[in-house]
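Letter by letter, the chains look like this.
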Amino acid sequence: MYAIVDIAGQQFKVTKDQKHFVHRLDAEVGDTVEFENVLLTDENGKITIGEPFVAGKKVTAKVLMQTRGEKVIIFKKKRRKGYRKTNGHRDYITQIQIESIGSAKPAKSAKPAKQPVETTESTETTE
């Protein structure tokens, strides 16, 4: 069983117990995060495609580590002009481990507020 999930703006093909590095998530190490933006699921050959998301499915993952990625070097040069510029950066990333791919619990339905009963009293005034 696998699913394709939208996590922090990127799409990942995930299976149970798989580890992924994703863009920084706002969660502490050891926290459990849920992703409800499931685009596609495959359950033993039965493929379900969402429009845009599959209804009633979610992916649960555990945050393993908050870290920074490898350094990316940016080098700019214009030939014959003497222009050379070196720059770089390291992205903040989160390592997660997929715990389950399953059904989302239905949201608790809020009880509708009691509507006031309208009375049909005649408020005619005689002049």
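Keep in mind the model is a prediction, meaning the values are calculated, not measured. (Residues numbered from 1 in each chain as written. Predicted model: local features only at pLDDT ≥ 70, side-chain atom pairs only at ≥ 80, totals over all residues. Heavy atoms only, no water.)

Asker: Please provide a residue-by-residue account of the packing of aromatic side chains, values included.
Answerer: Under the criterion given, the structure shown has zero aromatic pairs. Seen from the ring of tyrosine 92, arginine 68 lies directly overhead, with NZ or CZ sitting 5.1 Å from the centre. Above the plane of the ring of tyrosine 83 lies lysine 78, whose end atom (NZ or CZ) is 5.9 Å from the centre. (Phe/Tyr/Trp six-rings, centres within 6.5 Å; stacked < 30°, edge-to-face > 60°. Lys NZ or Arg CZ within 6 Å of the ring centre and 35° of its normal.)

Asker: For the pattern of salt bridges, give the residues involved together with the corresponding values.
Answerer: Scanning all chains against the criterion turns up three salt bridges. In this structure, lysine 58 and glutamate 34 form a salt bridge, with 2.9 Å as the shortest nitrogen-oxygen distance. Placement of lysine 58 in strand 7 (residues 57-68) and of glutamate 34 in strand 4 (residues 32-35) is noted, with a sequence separation of 24 residues between them. Across the salt bridge formed by glutamate 43 and lysine 57, the nearest N and O atoms sit 2.6 Å from each other. Pair noted here: glutamate 43 is in strand 5 (residues 38-43) and lysine 57 is in strand 7, with a separation of 14 residues, a long-range link. Judged by relative accessible area, which is 31%, glutamate 43 ranks as partly exposed. Among the residues examined, lysine 57 registers a relative accessible area of 17% and is labelled buried. (Salt bridge = Lys/Arg side-chain N within 4 Å of Asp/Glu carboxyl O. Helix = DSSP H or I, 4+ residues; strand = E, 2+ residues; numbered from the N terminus. Buried < 20%, exposed > 50% of the residue type's maximum accessible area, 1.4 Å probe, protein only.)

Asker: Help me get a handle on the sheet that holds strand 4, residues and values and all.
Answerer: Read from one edge to the other, the open sheet built from four strands follows the order 3-10-7-4, with strand pairing classed as antiparallel. The outermost strands of the open sheet, each flanked by one partner alone, are strand 3 (19-23) and strand 4. Here the strands of the sheet are splayed against their neighbours by 40° on average, with no regard to which way each runs. Across eleven bridges, strand 7 lies against strand 10 (residues 92-103) in antiparallel orientation. Across the sheet, lysine 57 pairs through a bridge with serine 103, a residue of strand 10. (Pairing = 2+ DSSP bridges. Axes fitted to C-alpha atoms, helices over the stretch in contact; angles between N-to-C directions.)

Asker: Tell me what's going on with the pairing of strand 8 (residues 72-78), and back it up with residues and numbers.
Answerer: As defined by bridge partners, strand 8 adjoins strand 9 (residues 83-89) across seven bridges and the pair is classed as antiparallel. Bridge assignment links lysine 77 to a residue of strand 9, and that residue is arginine 84. Between strand 8 and strand 9, which pair antiparallel in sequence order, lie four residues; one of them, arginine 80, sits at a positive phi of approximately 65°.

Asker: Talk me through the sheet that holds strand 5; I want residue IDs and the actual numbers.
Answerer: If you trace the four strands from one edge of the open sheet to the other, you get 2-1-5-6, paired in antiparallel fashion. Edge positions in the sheet fall to strand 2 (10-14) and strand 6 (46-49), since each of these pairs with one other strand and no more. When the angles between neighbouring strand axes are averaged without regard to direction, this sheet yields 15°.

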